[in-house]
Amino acid sequence: FTITIPASCANAKVLVYYTDYEAAAGATKALINDLTLSVTDANSNTYLPWALLKSGRTAASVSAPAIKGVDSLNNHEMVEIDTPTAGTYSIKVEGTAVPQGPVKFYVVYQTKLADQILLTYPMGGESFVPGTTETVRWDDVPNNTSPYTLEYSLDGGTTWSTLSNAIAANRRYYNWSVPANLNSGNMTMRISRAGASDVCNAPMALY
């Protein structure tokens, strides 16, 4: 497949996903069909997906940060490219091992402009339960240096209450202990920093 990445793009993500068959009970590897994802730019630079360390399979290795390489363990893989050069990119999905084919798979991609912040949870339509803790998440450019402000509104965005205006620039989440006395069927949330902001795509419920 080919896609076009526009100029001034800060980040691009390409994802492949497919439904796999179940492995035998007690199998050392759960994956049956192994599809491999790679992305190549116009200069023949090839990008591989994020993957966990494979050596040892110890608690330390699976808890370590992911690296970029061939993933032969999962039925979903994601290639991420920071500050990609504008142009045409080739997406290759290869059947490394397909003992129970054919396999129907999906390829999706996302490009994010240099000054664009995206609220990824909640997106709208979810329900928060007062008295519980919810983790609010967002995506942003990797080199952001501005602190974040997180707010919520109980009236669809007419008035806002601030949860924090000093979330560290390298953070992409916030754990909110939802007050037990809040109630709303028209709630929304907003994440912002210098020059950019994003809000839920639809109303939320809080009860």
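As a reminder, the structure under discussion sits directly above these lines.
Cut-offs applied
- Residues numbered from 1 in each chain as written.
- Predicted model: local features only at pLDDT ≥ 70, side-chain atom pairs only at ≥ 80, totals over all residues.
- Heavy atoms only, no water.
- Helix = DSSP H or I, 4+ residues; strand = E, 2+ residues; numbered from the N terminus.
- Buried < 20%, exposed > 50% of the residue type's maximum accessible area, 1.4 Å probe, protein only.
- Contact = heavy atoms within 4.5 Å.
- Areas by Shrake-Rupley, 256 points an atom, 1.4 Å probe, with all protein chains shown as cover.
- Pairing = 2+ DSSP bridges.
- Axes fitted to C-alpha atoms, helices over the stretch in contact; angles between N-to-C directions.
- Core = buried A, V, L, I, M, F, W, Y, C linked by side-chain atoms within 4.5 Å.
- Salt bridge = Lys/Arg side-chain N within 4 Å of Asp/Glu carboxyl O.
- Polar contact = N/O pair within 3.5 Å; in protein donor to acceptor, adjacent residues only side chain to side chain.

J.: Outline the overall build of the chain, supporting the account with residue identities and numerical values.
T.: Along the chain, the regular secondary structure elements total one helix and 18 strands. When its C-alpha atoms are laid out on the principal axes, the chain stretches across 55 × 45 × 35 Å. A buried classification covers 36% of the 207 residues belonging to the chain. Of all intrachain contacts in the chain linking residues separated by at least 6 positions in sequence, the fraction that spans at least 24 positions is 67%. If you sum the accessible surface of the chain, you get close to 11300 Å²; carbon and sulfur atoms cover 53% of it.

J.: Lay out the sheet that holds strand E12 (residues 133-139) in plain terms, naming residues and giving numbers.
T.: Reading across the sheet, the three strands line up as E10-E12-E15 and stay open at both edges, with antiparallel pairing between neighbours. Of all strands in the sheet, those with a lone pairing partner are strand E10 (118-121) and strand E15 (173-177), marking the two edges. When the angles between neighbouring strand axes are averaged without regard to direction, this sheet yields 30°.

J.: Can you tell me about the nonpolar core, naming the residues and giving the values?
T.: One finds Phe 128, Trp 138, Trp 176, Met 187 and Met 189 to be the most contacted residues of the largest nonpolar core, which totals 20 residues. Of all the secondary structure elements, the ones that give two or more residues to this core are E12, strand E13 (148-153), strand E14 (161-167), strand E16 (184-193) and strand E18 (204-206). Within the second largest apolar cluster, twelve residues are counted, among which are Val 16, Leu 37, Val 39 and Ile 81.

J.: Can you lay out the pattern of salt bridges for me, pointing to particular residues and giving the numbers?
T.: A full pass over the atoms with the stated rule returns three salt bridges. Among the salt bridges present, the one from Arg 193 reaches Asp 140, with a minimum N-O distance of 2.6 Å. With Arg 193 in strand E16 and Asp 140 in the loop between E12 and E13, this pair connects stretches of sequence that are 53 residues apart. Comparing Arg 193 with Asp 140, the two get one shared label, buried. We note a salt bridge from Glu 151 to Arg 190, for which the minimum N-O separation is 2.8 Å. With Glu 151 in strand E13 and Arg 190 in strand E16, this pair connects stretches of sequence that are 39 residues apart. Assessed through its relative accessible area of 11%, Glu 151 is described here as buried.

J.: Tell me about the sheet that holds strand E4 (residues 46-47), residues and numbers included.
T.: Strand order in the open sheet formed by four strands is E1-E8-E3-E4, and the pairing between neighbours is antiparallel. In this open sheet, the two strands that pair with only one neighbour each are strand E1 (2-5) and E4. Sheet topology places E1 next to strand E8 (residues 87-97); four bridges connect them, and they run antiparallel. If you follow Ile 5 over to E8, its bridge partner there is Gly 87.

J.: Outline the side chain of Glu 151, listing residues and values.
T.: Of note is the side chain of Glu 151, whose polar atom sits 2.8 Å from the side chain of Arg 190. Setting aside its immediate chain neighbours within four residues, Glu 151 contacts Trp 160, Ser 161, Thr 162, Leu 163, Thr 188, Met 189, Arg 190 and Ser 192.

J.: For the environment of Ser 153, give the residues involved together with the corresponding values.
T.: Topologically, Ser 153 is positioned in strand E13. Taking C-alpha positions, Ser 153 is 9.2 Å from Ser 184, a pair spaced 31 residues apart along the chain.

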